[in-house]
Amino acid sequence: MTERLELIQGDITRIAADAIVNAANSGLSGGGGVDGAIHRAAGPELLAECRTVGRCPTGEARITRGYRLPAAHVIHAVGPSWWGGDRGEDELLASCYRSTFALMEQHGLRTVAFPAISTGAYGFPIERAAPIALREIRAALARRPELERVTVVLFSEQDLKVYQRALGA
Ligand code: AR6
């Protein structure tokens with residue numbers, strides 16, 4: 001299973017995969033962080049398609065095409081804002097990963113790249129988010145032999161180290 005999971009440092013907009021995951025907001029209206037980078041790289045057609053999709057509740061995900069991205073699709077997952085940890089944040093974050101894998105199964109997708117959902121503007125501590133993300137990714141890899149590769153793309157070296165430690169733990 002370990003060979004099918006990779007942790008890298010980089011820019012997710014450069015990844016060629018069946019899908020990259022966007023850390024989106026409920027309005028699917030674009031924004032800053034990785035969302036802004038994905039929309040800039042994909043071009044305006046991505047926002048136009050998002051407008052036809054409508055809203056996406058926290059903890060769920062929606063799929064669009066990737067347009068000018070090297071990735072064929074974008075899966076827009078809406079992570080929770082951090083309110084201190086007692087408002088269901090862990091479960092909502094886990095649900096983003098599960099919803100993404102459910103969409104991949106429905107659409108027959110085999111490779112995906114995730115950013116560290118919720119750990120930027122939404123303030124979820126990455127030390128707490130990393131084990132949740134890795135647990136859900138490992139569960140999906142164990143259940144679904146058709147998944148060829150799951151890449152987690154960390155923007156900073158520091159974030160990569162947090163994930164590497166969590167993977168080893
Ligand atoms: N590639 C990979 N990771 C990135 C990139 C990139 N190009 N750019 C940033 N990150 P954030 P959130 C990392 O804030 O916390 C938006 O405005 C970043 O360092 O993008 O889920 C949306 O519209 C961090 O580790 O997403 C929402 O309103 C991680 O991506 C809100 O922000 C997530 O940070 C979502 O906040």
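- You'll find the protein chain entered in an unreviewed UniProt entry as Macro domain-containing protein, with Corallococcus coralloides given as the organism.

## Side note on the site of the ligand
- The environment of the ligand is made up of 21 residues, and the closest members are Asn25, Val34, Asp35, Gly120 and Ala121.
- At a separation of 2.7 Å, an oxygen atom of the ligand approaches a polar side-chain atom of Asn25.
- Burial of the ligand by the protein amounts to 88% of the accessible area it has alone, namely 700 Å².
- A per-element tally of the shell around the ligand places helix H1 (residues 33–42) first, with four residues.
- Considered class by class, the residues forming the shell around the ligand number nine nonpolar, nine polar and three charged.

## Considerations on the packing of H1 against helix H2 (residues 44–53)
- Where H1 meets H2, the axes come as close as 5 Å, and the angle between the chain directions of the two elements is 115 degrees. Judged by the inter-axis angle, H1 sits roughly perpendicular to H2. Note on element contacts: H2 touches H1 through Glu45, Leu46, Leu47 and Cys50, opposite Ile38, His39 and Ala42.
- Taken together, the residues of the contact of H1 with H2 sort by class into five nonpolar, one polar and one charged.

## Comments concerning the pairing of strand E4 (residues 73–78)
- With respect to burial, E4 is a largely interior element, five of its six residues being buried.
- Pairing of strand E2 (residues 19–24) with E4 involves six bridges; the strand directions are parallel. Of the residues in E4, the one forming a bridge with Val21 is Ile75.

## What to know about the environment of Pro44
- Checked against the element boundaries, Pro44 lands in helix H2.
- Residue classification places Pro44 among the exposed positions, given a relative accessible area of 59%.

Rules behind the numbers
Residues numbered from 1 in each chain as written. Predicted model: local features only at pLDDT ≥ 70, side-chain atom pairs only at ≥ 80, totals over all residues. Heavy atoms only, no water. Near = heavy atom within 4 Å. Polar contact = N/O pair within 3.5 Å; in protein donor to acceptor, adjacent residues only side chain to side chain. Areas by Shrake-Rupley, 256 points an atom, 1.4 Å probe, with all protein chains shown as cover. Helix = DSSP H or I, 4+ residues; strand = E, 2+ residues; numbered from the N terminus. Nonpolar A, V, L, I, M, F, W, Y, C, P; charged D, E, K, R; others polar. Axes fitted to C-alpha atoms, helices over the stretch in contact; angles between N-to-C directions. Parallel < 35°, antiparallel > 145°, perpendicular 65-115°, else oblique. Contact = heavy atoms within 4.5 Å. Buried < 20%, exposed > 50% of the residue type's maximum accessible area, 1.4 Å probe, protein only. Pairing = 2+ DSSP bridges.

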